[in-house]
Amino acid sequence: MGDTDESSVIPSPSPDLHRQPPPDAPSPWEKTDRAQAAVEGAGGPEPPAPPLCPDCGLVGDRRVTYYGWHVLLEPDLPVPAHMVPAWHRWYVDVGGTAWNGRESEPAPGAVCRVPHRITCPGLRLEEVGLWRWLDAVRAENARRARRNADGRTGPGALPDAG
């Protein structure tokens, strides 16, 4: 101290270390994010689990949302947004992140993605009966699930839903 030029102050590893929450503390937005995921249907399997539907076993297109949860989208099925019920319109940005259009009116010519849960043959949703083309996709998914269960796989085309 008096004899050397060394400082007597011991530096802390981080200047804000005493302000950090404990590692196991929930993040401030965790409850809000969980609620948003429940409302929007973003309850897809989290990595490293495979992107399989727990109800029918079909593979979906898993996308992360802006709030960190995952949604299972129907693979290779871009749909004109005006044909999809409100709260079921999912859009994917250039980075691959999915976001729900909620009840906002889609822009003219907009194309969106459909969550697998409304086309899943293992689920029965009342509102889907109002949308004939989703019934056709659900029927095709039921055939695909039966083929998967029987060990037969094939490309299969979507039926003409009119």
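Parameters and conventions
Residues numbered from 1 in each chain as written. Predicted model: local features only at pLDDT ≥ 70, side-chain atom pairs only at ≥ 80, totals over all residues. Heavy atoms only, no water. Buried < 20%, exposed > 50% of the residue type's maximum accessible area, 1.4 Å probe, protein only. Helix = DSSP H or I, 4+ residues; strand = E, 2+ residues; numbered from the N terminus. Pairing = 2+ DSSP bridges. Salt bridge = Lys/Arg side-chain N within 4 Å of Asp/Glu carboxyl O.

Visitor: Looking at this structure, I do not really get the pairing of strand β2 (residues 70–73). What am I missing?
Guide: On a regular strand, one side chain projects to one face of the sheet and the next to the other, so that they alternate. A two-sided burial pattern is seen for β2, the buried positions comprising His70 and Leu72 on one face and Val71 and Leu73 on the other. Both strand β1 (residues 61–64) and β2 contribute to a ladder of 4 bridges, which runs antiparallel. Opposite Val64, over in β2, you have His70 as the bridge partner. The loop that links β1 with its antiparallel partner β2 comprises 5 residues; one of these, Gly68, has a positive phi angle of about 90°.

Visitor: In this structure, what is going on with the pattern of salt bridges? I would like to understand it.
Guide: Close approach of charged atoms lets side chains of opposite charge pair. The tally for this structure, following the rule as stated, stands at 5 salt bridges. The shortest N-O distance in the salt bridge between Arg63 and Asp61 comes to 3.2 Å. In this structure, Arg144 and Glu74 form a salt bridge, with 3.8 Å as the shortest nitrogen-oxygen distance. A residue pair is termed long-range when its members are at least 10 positions apart, and Arg144 in helix α2 (residues 132–150) and Glu74 in the loop between β2 and β3 (79–80) qualify at 70 residues. With relative accessibility at 4%, the residue Glu74 sits in the buried group. When salt bridges that share partners are traced, they join Asp61, Arg63 and Arg113 into one network.

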